[in-house]
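Each chain, letter by letter, is given below.
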Amino acid sequence: DQLVIETGRTPNKLLADAMAGYVVELTETRQMLNSRYDDLKSGAVQPIDGEAFFESLREREDELLNKQ
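Keep in mind that what you see is a predicted model, and the values were worked out from it rather than measured. Every chain's residues receive numbers from 1 upward, in the order its sequence appears when written. Only residues with pLDDT of 70 or above have their local features reported here, since the model is predicted, and side-chain atom pairs are shown and tallied only from 80 upward, although totals for entire chains, interfaces and linings are computed over all residues. To get the side-chain values, all heavy atoms of the structure are used, and hydrogens and water are removed first.

Further remarks concern the overall build of the protein. Here a helix means four or more residues in a row that DSSP labels H or I, a strand means two or more in a row labelled E, and each is numbered from the N terminus. In terms of regular secondary structure, the protein is built from three helices and zero strands. For the protein, the N- to C-terminal ordering of α and β elements is α-α-α. Using C-alpha atoms as the atom set, the radius of gyration is obtained and then compared with a globule rule of 2.2 Å times the number of residues to the power 0.38. A compact globule built from 68 residues should have a C-alpha radius of gyration of about 11 Å, whereas the protein, at 22 Å, is more than 25% larger. Taking the principal axes of the C-alpha coordinates as reference, the protein spans close to 55 × 40 × 15 Å. Three labels apply to residues, based on accessible area from a 1.4 Å probe with only protein chains included: buried if under 20% of the type maximum, exposed if over 50%, partly exposed otherwise in between. Looking at the protein as a whole, 1% of its 68 residues are labelled buried. Looking at the protein as shown, the accessible area adds up to about 6,400 Å², and 57% of this sits on carbon and sulfur atoms. Of the side-chain charges in the protein, 8 are positive and 14 negative, and the distance between the mean point of each set is 6 Å. For accessible areas, the Shrake-Rupley method is used with a probe of radius 1.4 Å. Any residue's cover is judged against the shown protein chains and nothing else. In this tally, Asp and Glu contribute negative charge and Lys and Arg positive charge; neither His nor the terminal groups of the chain are included. For the purpose of locating charges, the reference atoms are NZ of Lys, CZ of Arg, CG of Asp and CD of Glu.

Another point: the environment of Phe-53. Looking at where Phe-53 falls in the secondary structure, it is placed in helix 3 (residues 50-67). Between the C-alpha atom of Phe-53 and that of Lys-67, which follows or precedes it by 14 residues, the distance is 21 Å.

Turning next to helix 2 (residues 11-42). Every helix has an expected span of 1.5 Å times one less than the residues it contains. Compared with the 46 Å implied by 1.5 Å per residue over 32 residues, the 46 Å span of helix 2 between its first and last C-alpha is a close match. After helix 2 finishes, the residue Gly-43 shows a positive phi value of roughly 90°.

Let us look at the packing of aromatic side chains. Ring pairs shown here join Phe, Tyr and Trp side chains whose ring centres sit within 6.5 Å, with only the six-membered ring taken for Trp; geometry is labelled stacked below 30 degrees between planes, edge-to-face above 60, and tilted in between. This structure, assessed with the given rule, holds one aromatic pair. For the ring pair Phe-53 and Phe-54, a centre distance of 5.3 Å and an interplane angle of 70° mean the geometry is edge-to-face. Owing to a relative accessible area of 35%, Phe-53 belongs among the partly exposed residues under this scheme. Given the relative accessible area of 45%, Phe-54 is considered partly exposed.

Between its terminal C-alpha atoms helix 3 stretches 26 Å, which fits the 26 Å expected from 18 residues at 1.5 Å a residue. In protein, a polar contact means a hydrogen-donor-capable atom and an acceptor-capable atom, both N or O and within 3.5 Å, with residues adjacent in sequence counting only if both atoms are side-chain atoms; elsewhere, any N or O pair within 3.5 Å suffices. The N-cap residue of helix 3 is Asp-49: its side-chain oxygen and the backbone nitrogen of Glu-51 are 3.2 Å apart.

The subject of this paragraph is the confidence of the model for the protein. With 100% of its residues at a pLDDT of at least 70, the protein reaches an overall mean of 95. Residue-level confidence of the predictor is summarised by pLDDT, bounded by 0 at the bottom and 100 at the top. The lowest-confidence element of the protein is helix 1 (residues 2-7), averaging 94 in pLDDT; the highest-confidence one is helix 2, averaging 97.

Put into structure tokens, the structure is as follows:
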């Protein structure tokens, strides 16, 4: 209701704009995921082990905290 008052647009127009933005964002996300999957499948990039990645983050955080 507040957006209707602030923008002077109808609820249907606001909803249509929101849905259009959602569809665009969803399409872009799907394209990005497809591209990343293709890179992994082709061997252009190598997957990173999740546990090892988070452990390296924890180590870097500890190093930064110890420097202070």
